[in-house]
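Structural features, examined
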Amino acid sequence: MKLSEILRLVWINLIQNKFKVVLTSIGIVVGAATIVMVIAIGRGGQMDVADQFKNLNAGAIDISYEQSSDSSSSNSKSSSKSGSSGKSSNGNSESGNRGQGGFGGGEMQGGGMPGGFGGFMQGGKNSESSKINQEKITLSEDDMDDLKTFLPGISDITISYTTKSDVDGGELDEAESYTIAGVKNNYAGMSNLTMAAGSFIESSDETNKEKVCVLGYSVAKEIFGSVKDAYDSTIYIDDRAYVVNGVISEVGTVSSGISPDDSIFIPYGTGVKYIVGTDADPTITVIASDVDKVDTVMENIQSVLAENYPNAEFTITDAGSKMEAASESNNTLTTLLIAMAAIVFIVGGIGIMNVLFVSVKERTKEIGILKAIGCTKKDILIEFLLEACFISILGGILGVLLSFGITPVVEHFDVRVELSVFGAALAVVFAVFTGTVFGFYPALKASKLVPVEALNEE
């Protein structure tokens, strides 16, 4: 029998059983729609991870110290003692503290020696200060300098902190609390930030402790209404005037570190002098030169800091691990969705198999007549396989259309969906594959019917 004649028979059988075909294809429809959504949600999750971490360098390592309540309370007692002893033992202690803008906490008490290797190299003269450092530890610029000097395998390093302060100006009716980030001039480059207007903090702003600031995109719109109006304007942080040097381009949601869109950036030293004083809780960030050697750099960081703070346990985390964890979480979700889609396809395939078995039973005489007039086993096999494939293709196409329809519903629940041609094509391919696999056995059974027995079937 010619292929055209087989196709004609397939078409006639499908048209005569429209309702049955539609019901049979429902499982495939759901499976195809699931495949499209799985790929779309998976791609959306990957893009979300990329967007959330795009302001982080893969080789970035954050170093911070969480002060315990016990050590804080004991430090408040030792600080008052060391403050008085410091005046008697070292006449430069008070001026040394002023030179640091009040930043450094216990590190600057009792002699005014800064933290880091400078203090470590002084031996017995700094022993009292070392004990105090063990009670209250505040990472400082001196620690950053020590790491920069003694830590191999890094390309850049910076220090930053965040706090909350009242901000007024622009279109605000009253002062509102915003996140203030004290950063160095290299922070923007290390965090992959770009400017929508103006420039980021300059080294001269840091050196002179200028009262300038850089606004995040969302902050600029909230306070001034637009980026254009924000640039070169003035805001008031804790009732002190700061000139807006620039506005950062919109970054979007971030999973770690400072959220640039919702922050106001000021020079590190300016913030220490006018806002945080000794209450700062800085984080030092280093960039490993080789991403593959981040673990080694982290071990070296611990070794360097242990020289100054022997009993301290610092929190050292790398952006790469955070990215990997987020990606693994997204991959796990995608795997679960794929498993669900596979189950749906299997159910749909079983539905096709059942319908074809029933169809073979109903059309036994028809099969006997076809064989009696010369149709081969191959012709019968192809006919039933083509019927299964057409049902699957129909289900696959309807499933793709269904996925387009439910996408807005899924996005309504804050799930990012990125539809693709690849996902749609893969869904149809899976549908055809399912129909072929599950339709093969009923088709094979139909092709093996004996003509005489088939014609005598009641």
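Here, every reference points to the structure presented above.
Presented here is an overview of the structure given in this document. This structure is a prediction, so every number in the text was calculated from the model and none was measured. (Residues numbered from 1 in each chain as written. Predicted model: local features only at pLDDT ≥ 70, side-chain atom pairs only at ≥ 80, totals over all residues. Heavy atoms only, no water.)

1. A few points about the nonpolar core
Formally: To qualify as a nonpolar core, a set must consist of buried Ala, Val, Leu, Ile, Met, Phe, Trp, Tyr and Cys residues joined through side-chain atoms within 4.5 Å. The cut-offs for exposure are 20% and 50% of the maximum accessible area for each residue type, with area from a 1.4 Å probe on protein chains only; residues under the lower value are buried, those over the upper are exposed, and the others partly exposed. Comment: elements are numbered from the N terminus, with helices defined as DSSP H or I runs of at least four residues and strands as E runs of at least two. Throughout, a residue-residue contact means that at least one pair of heavy atoms, one from each residue, lies within 4.5 Å.
Membership of the largest hydrophobic core comes to 30 residues, with the highest contact counts inside it found for Ile380 and Phe384. Those elements giving two or more residues to this core turn out to be helix H1 (3-16), helix H2 (18-52), helix H14 (319-362), helix H15 (364-372), helix H16 (377-411) and helix H17 (421-447). Considering every element that reaches this core, the biggest residue donor is H16, with eight residues. Among all residues touching Phe384, those that are not within four sequence positions of it are Leu356, Ser359, Val360, Arg363, Ile367, Ala443 and Ala446. Tyr65, Ile154, Ile284 and Val286 belong to the second-largest nonpolar core, a separate cluster that totals 29 residues.

2. Here we look at the side chain of Asn245
Here Asn245 is to be found in strand S7 (residues 240-248). Setting aside its immediate chain neighbours within four residues, Asn245 contacts Gly198, Ser199, Asp205, Val212, Cys213, Val214 and Tyr231.

3. Re the pairing of strand S1 (residues 60-64)
Put simply, the test is: Criterion used throughout: strands pair if DSSP finds at least two bridges between them.
A large share of S1 lies buried, amounting to four of its five residues. Of the pairings in the sheet, the one linking S1 to strand S9 (residues 283-288) comprises four bridges and is antiparallel in character. Its bridge partner lying in S9, Asp62 is registered against Thr285. Sheet topology places S1 next to strand S10 (residues 315-318); four bridges connect them, and they run antiparallel. Each bridged residue has a counterpart across the sheet, and for Asp62 the counterpart in S10 is Thr317.

4. Here we look at the pattern of salt bridges
This is how it is decided: For this analysis, a salt bridge means a side-chain nitrogen from Lys or Arg found within 4 Å of a carboxyl oxygen belonging to Asp or Glu.
Scanning the model with the defined rule gives seven salt bridges in all. With a shortest N-O distance of 2.3 Å, Lys184 and Glu141 are connected by a salt bridge. One end of the pair, Lys184, is in the loop between strand S3 (176-183) and helix H8 (187-190); the other, Glu141, is in helix H7 (residues 141-150), with 43 residues separating them in the sequence. With relative accessibility at 23%, the residue Glu141 sits in the partly exposed group. One salt bridge in this structure joins Arg363 and Glu383, with 2.8 Å as the shortest N-O distance. With Arg363 in the loop between H14 and H15 and Glu383 in helix H16, the pair connects residues that are 20 residues apart, well separated along the chain. The exposure class assigned to Arg363 is buried, which follows from its relative accessible area of 10%.

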